[in-house]
Structure formats: C-alpha cells, structure tokens
Amino acid sequence: MKYRFDNRRLPLLWRTVLLLTIFVVISQVIIYIWIQRSVKGHFEQMDAEIMTHAAFNLRKRVIDSSPITSQTLPSSQNPLNSQQSLRAASDVMPDGDTSTAVISEEADHQHSSWLDYDLKTIIANKEGQILSSTPNNFAQELGEGFNLSSLKQDNDKQQFVMNINSRYYRAMVIEDDKMLALIALPIDVHHQYLLQFNRQLSMILFAITLLLVSVAALGVYWGFAPLATIVQKMKTMNPERLDDRVTVSDMPLELRPLAESYNSMMAKLESNFESLSRFSDNIAHELRTPIATLSTQTQVMLNKPRAGDEYIEQLHHQHDTLEQLSAMINNMLLLAKTQKGLSDSQISHVDTENLITKLVDYYEMIAEDRGIAIETKGEFSAVLGDKSLLQRLFANLISNAIYYAAQDSVITIRADRINSDEMVGTTISSLQQSKQDILRMTITNRLDEPLTQSEADKLFERFYRHHKTVDRHTGTGLGLSIVQSIVGAHNGNVSINIKDDDYFQVSVELLAEV
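Analysis parameters
Residues numbered from 1 in each chain as written. Predicted model: local features only at pLDDT ≥ 70, side-chain atom pairs only at ≥ 80, totals over all residues. Heavy atoms only, no water. Helix = DSSP H or I, 4+ residues; strand = E, 2+ residues; numbered from the N terminus. Buried < 20%, exposed > 50% of the residue type's maximum accessible area, 1.4 Å probe, protein only. Contact = heavy atoms within 4.5 Å. Areas by Shrake-Rupley, 256 points an atom, 1.4 Å probe, with all protein chains shown as cover. Patch = residues over 30% accessible without salt bridge, like charges linked within 9 Å, V, L, I, M, F, W, Y side chains within 5 Å. Salt bridge = Lys/Arg side-chain N within 4 Å of Asp/Glu carboxyl O. Phe/Tyr/Trp six-rings, centres within 6.5 Å; stacked < 30°, edge-to-face > 60°. Axes fitted to C-alpha atoms, helices over the stretch in contact; angles between N-to-C directions. Parallel < 35°, antiparallel > 145°, perpendicular 65-115°, else oblique. Left-handed = near helix turned anticlockwise from the far one by under 90°. Nonpolar A, V, L, I, M, F, W, Y, C, P; charged D, E, K, R; others polar. Expected span 1.5 Å × (residues − 1). Bend = angle between axes of the 7 residues up to and from the residue. Polar contact = N/O pair within 3.5 Å; in protein donor to acceptor, adjacent residues only side chain to side chain. 1 Å grid on protein atoms, 1.4 Å probe; cavity = no way out; pocket = protein on both sides within 12 Å on 5 of 7 lines; lining within 4 Å. Points joined across faces, edges and corners; volume = space filled by probe spheres on them. Lys, Arg positive; Asp, Glu negative; His and termini not counted. Charge placed at Lys NZ, Arg CZ, Asp CG, Glu CD. pLDDT = per-residue confidence, 0-100. Core = buried A, V, L, I, M, F, W, Y, C linked by side-chain atoms within 4.5 Å. Pairing = 2+ DSSP bridges.

Tallying secondary structure elements over the protein gives 15 helices and 12 strands in all. By the burial criterion, 37% of the 514 residues in the protein qualify as buried. Intrachain contacts of the protein at a sequence separation of at least 6 include 68% that bridge at least 24 residues. Split by element, the accessible area of the protein, about 31,000 Å² in all, is 55% carbon and sulfur.

If you want it as structure tokens, here you go:
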C-alpha cells in the first residue's frame, strides 16, 4: 500500500511548478484586488471632491439668489431651467436692481463649469415640489414617483449611488431652511472604465503568471537535467565499467556534492569489487592446493596395497592438511563474524596488561629460539571489548612479529593512554562522539628484509603474503585481515607504518575503560 502511495506522488518538477503556480496565483489575486481597490478608491475620492465642490457652489448660488427661492414652477412636470428662473427673477425685481443680473452671470459661470463633469441638479421646496432642474429633462428622467424628501431621509447628508434609466450616478441631497437640492454626478463612464481596466489587468496578470510558471518549469527542468547523466551511468553500471565517473565540472554548483559523492561511491565499489575478486581468486587457490594434495595422496595409497607404517604416515600427512583446511575455514568464519560488529553482551572490561603478559609468556620460548627478546613498556589499562577476540588479535600480531623479525632483535610492545583532547587524526567515530580516552598499543620489530610502505599497505588484504615461500611461515595469509576485522568490530583503528625501511610498526587504538 505504501509503495502504491509513493508511486502516486507527483514528480519533483511538477510539484515545484504546482507550488510556484499556487504562490504566483495567490500573489496575483492579491495584486489584482489591491490595484482594483486603489483605482476604484481614486475615482470615489475624485467624485467626492467634485460633489463637495458642487454642493458648496450650489449653496452659495442659492443664498445669493434667495429672493427667487419662493417662486414655484407652474407644474412639476414642466420644470424651468435654473438659469431661466434666475433671469426671470431679474426681470420682475423692482427698481431695476442690477445685483440680480450679476448673480445671474455668476450662476451662468457656475453652470458652465458643471458641464465639464455633466453635473445634474434638482431644486425643490420642503414639500418636495421641484422648483428647477439642470438640465431641463433631468426631472423627467426621475419619473413621477420621485420624491426628494424621502430620498433625503434615507441618505441624510451622505453621498450615495443611484440608478436612473440604467445610468449610475453618485448623488447627494443638501438642504437649507426653505429648500432641498439634489446633486447627481454620472459615474457610468467610471464603471465602463473599471470593467475595461479589470479585463486588461486580468489578462496582464494571467500572462505574467503563465510566463513566471513557464520560466520556473524550464529552470527546474534545466537545473535537474544533469541528474539524467548520473541516472544513465547508473543504468549502464556493470563490473567492467566500475571506473566510469561523472565529470564534476559539468555539473551545477548545487549538484556537484552529489556528483562527488557518486564518484566516491563508485571508487569504493571499484576497490571493494577488486578486493572481492582477489579474495575469490585467492580462496580458490588456497583451497585447491590442500584438496588436490589430499586427492593425490589418496589415489597414491589406493593404487596398490602398502604396509601399515606407510598408511599411518600418509594419514598423518592428510591430518596436517585437514588441520590447515580447518584453520583456514575457522579464520574465514571469524572474519565473517567480526564484520557484523559486537553485541552489548560481548563487551566487557579487558585487562590488557594481564592479557599481554600471558601472550608474551606463551610466545617467549618460540622467540628465544631465534634470539628475539620481547619487551613491554608504557601504561597498560583496561579496554572495552571481547576478551577472546582481543586475545586472538594480539596473538596474531605477536606471532607475526616473531616470524618476520630479524634474528637477535627486540620486539617492543608499548601502551599509551591518550586523552580525547589530545587525539589528532584518529578515525574512531564513536570515540570522537563520546570524548572517551583511547589506549594505543604499538608493536615494533626490526625486519630481516627491507619493506616499503606501499607493500605494507597490502598486508591487510586477505590471503596476501609478502613472502611466498612456505618455509618461512605456513600461515594462510589471513592473520592481519583478522586483526583489522577485530579492530573494526571494536570501533577501533589499526595501521601499519614502516620506519627507516627496516622497522615494522603496527598501532592499534581501542576504547579505554573510563
């Protein structure tokens, strides 16, 4: 079920594009709403200023022309233009008052300025009877049921939007002691402009969104395109092409660590595969020789009847060969066992001083036969590990030192306890994390023949023997491989150093007891 769910997940490219699309769309919607409100607010503010200015001028005109405000139209269905009313009033004024003519001229100027904004006005008395209309037909557009008094009650001193004959107006009702006035500013042009502006803005934002998503998708595709190189190399990987590497310089900076890790992995695979191939060849060779010997000896003994002593001697030879095979198989099993690491039940406190003393006593007689002395120096302390494996580890090192040391030489076993703060270059990862002290034990012997560092590095390989002659050492070539495996199981470190081409030095670092 989990596998099917993982398969339903979108590819990285589409997930990136989807996430970016959602982000861009949300951003564009916010920008759209903000721009729309800003433009609409600008128009509303501009209309409000026009309406306020118009209301101020109208109040001034009404005050200046107050002598005629009591005049009424013959019928609300036949409104007169305010300019005509003002002029008529000037004709009936007694004593030829010229102030009314001046007021009429000012009114003409005010009305001419209103024409720029297409302002419309209705003036009525307190009962709602229309006294004047600008333009003349505006009162007719309002209809017979229009009542300015009720409109004033619904929108007292507030600007509002009204619909007259499918046209939108921003209107305001003002009043004084004797009359009411309606000022209306057509805003249907604004509505048309806003509709067109919103349409164009939507198209522009949609085009920007499409462009951004396309560029992002193309960028992600190009960015991850080099991964196809690594995928292709993985698909063509085989034992004959383990040396194939990715060119790091051709990769983007973000993918170069991945390319370097891939090359490092391939180098390790190549090295391990070569070691495994050599191990397979060596184990086949090591097993073929004793098995062939056993087969030959058995065939020889079966060719003809022989004396009992010959059978006994041949059985001793076959027993030695079987012992050699048994030792090799046990060593291989030990290698396999230690590669899995140690369990908590296997770890205990091991006294290295007591352990080394017993091993020195055991190998001392063999060393004396070649005139070799064994000396111990330093501070031996307890370590954490498996006692039987550590005994096998140091037994292999001491026996190896005795067999390959020059005659009449000295083998030195030195132990030093190193504080975690003084460690430099150690590879014990668990020690670096726990800041625990280590015990470094160094076994040094003088070689009978010079040895280079490059040759010494090969000694950890399984079945590798520097001396091919069997008269020097009858081992299987697994001794130092077992040492390395046991040290690795203890989370330690082992290394070989050649000093002055004649001194062979093996250093083992183990976790010390707290």
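The next point concerns a nonpolar patch on the surface. Taken together, L18, I22, I26 and I30 make up a surface patch of nonpolar side chains, about 380 Å² in accessible area. In this structure, L18 sits in helix α2 (residues 12–64). Looking at L18, the relative accessible area reads 44%, which means it is partly exposed.

Applying the stated criterion across every chain yields a total of 4 aromatic pairs. Ring centres of F43 and Y193 lie 5.4 Å apart, and the angle between their planes is 85 degrees; on these two criteria the pair is classed as edge-to-face. Of the two residues, F43 sits in helix α2 while Y193 sits in helix α7 (residues 188–224), which places them 150 residues apart along the sequence. Relative to F197, the ring of Y193 has its centre 6.1 Å away and its plane inclined at 15 degrees; by these criteria the two rings are stacked. Placement of the pair is Y193 and F197 together in helix α7, with a separation of 4 residues, close to one helical turn. Here the aromatic cluster, defined as three or more aromatic residues joined through ring pairs, consists of F43, Y193 and F197.

Helix packing geometry: the angle between the two helix axes and the distance between the axes. It is the contact of helix α11 (residues 352–369) with helix α12 (residues 387–404), at a shortest axis distance of 10 Å, that shows an interaxial angle of 30 degrees. Judged on the interaxial angle alone, α12 and α11 are roughly parallel. Of the two elements, α11 crosses α12, and the hand of that crossing is right-handed. Two secondary-structure elements touch here, α11 through L355, I356, L359, Y363, I366 and A367 and α12 through L390, Q391, F394, A395, I398, S399 and I402. Looking at the contact of α11 with α12 residue by residue, the classes come out as 11 nonpolar, 2 polar and no charged.

Next up on the list: α11. In a regular helix each residue adds 1.5 Å, so 18 residues correspond to 26 Å; α11 covers 26 Å between its end C-alpha atoms and thus fits that length. Residue Y363 marks the point of greatest curvature in α11, where the axis turns by about 40 degrees. Listed as buried for α11 are T352, L355, I356, L359, V360, Y363 and A367. Summarising the contacts, the buried residues of α11 are in contact with β6 (348–351), β7 (373–378), β8 (382–385), α12, β9 (410–418) and β10 (438–446). Here α11 starts with a cap whose side-chain oxygen sits 3.2 Å from the backbone nitrogen of E353, and that cap is D351. One or two residues past the end of α11 sits G371, with phi positive at roughly 70 degrees.

So, about empty space enclosed by the protein. Summed over the entire model, instances satisfying the criterion amount to 1 cavity of 30 Å³ or more. What lines the largest cavity is K233, T236, M237, R241, D244, Y262 and M266.

This paragraph deals with a negative patch on the surface. There is a patch of like negative charges on the surface, built from D361, E364, E368 and D369. By secondary structure assignment, the location of D369 is in helix α11. For D369, a relative accessible area of 69% translates into the label exposed.

What follows covers the packing of α12 against helix α15 (residues 479–489). Axis separation between α12 and α15 bottoms out at 9 Å; the angle between their running directions is 145 degrees. Read as a crossing pair, α12 and α15 show a hand that is left-handed. Mapping the contact onto sequence places L389, R392, L393, N396 and L397 in α12 and G479, L480, I482, V483, I486 and V487 in α15.

The step from T134 to P135 runs through a cis peptide bond, and the omega angle for that step is 0 degrees. The phi dihedral of D408 falls on the positive side, at around 55 degrees, and the residue is not glycine. Even without a glycine there, the phi angle at N491 is positive, about 55 degrees. Relative to the helices and strands, N491 is located in the loop between α15 and β11 (493–499). Accessibility expressed as a relative area gives 43% for N491, which makes it partly exposed.

Mean pLDDT over the protein stands at 75; residues scoring 70 or higher make up 79%. Scored below 50 in pLDDT, residues 67–115 shows 63 contacts in the model against residues more than four places distant or in partner chains. Considering only residues more than four positions removed or in separate chains, one finds that residues 425–432, a stretch of pLDDT under 50, has 16 contacts.

Here the focus is the nonpolar core. If you look at the biggest cluster of nonpolar residues, it comprises 50 residues, and the most contacted ones within it are L393, F394, L397, I413 and I496. Looking at this core, the elements that each hand over two or more residues are α11, α12, β9, β10, α15, β11 and β12 (503–511). When residues no more than four places from it in sequence are discounted, the contact partners of L397 are I443, L480, V483, V506 and V508. Of all hydrophobic cores here, the second largest spans 18 residues; its members include A139, L142, F160 and L182.

Turning to the pairing of strand β1 (residues 120–125), a few remarks are in order. Summarising burial for β1: 6 of the 6 residues are buried, a large majority. By the bridge criterion, 6 bridges tie β1 to strand β5 (residues 179–186) in an arrangement that is antiparallel. Bridging across to β5, A124 finds its partner in L180. Both β1 and strand β2 (residues 130–134) contribute to a ladder of 4 bridges, which runs antiparallel. Paired with I122 across the two strands is S133, which belongs to β2.

To continue, consider the side chain of N445. Mapped onto the fold, N445 is located in strand β10. N445 gets classed as buried once you look at its relative accessible area, which sits at 2%. Apart from residues lying up to four places away in sequence, N445 is in contact with A401, Y404, A405, V410, I411, D502, Y503 and F504.

This part is about the sheet that holds strand β4 (residues 167–175). In space, the 5 strands of this open sheet follow the order β2-β1-β5-β4-β3, with antiparallel pairing throughout. The open sheet terminates on both sides in strands that have one partner only, identified here as β2 and β3 (160–164). In this sheet, adjacent strand axes meet at a mean angle of 25 degrees when their direction is disregarded.

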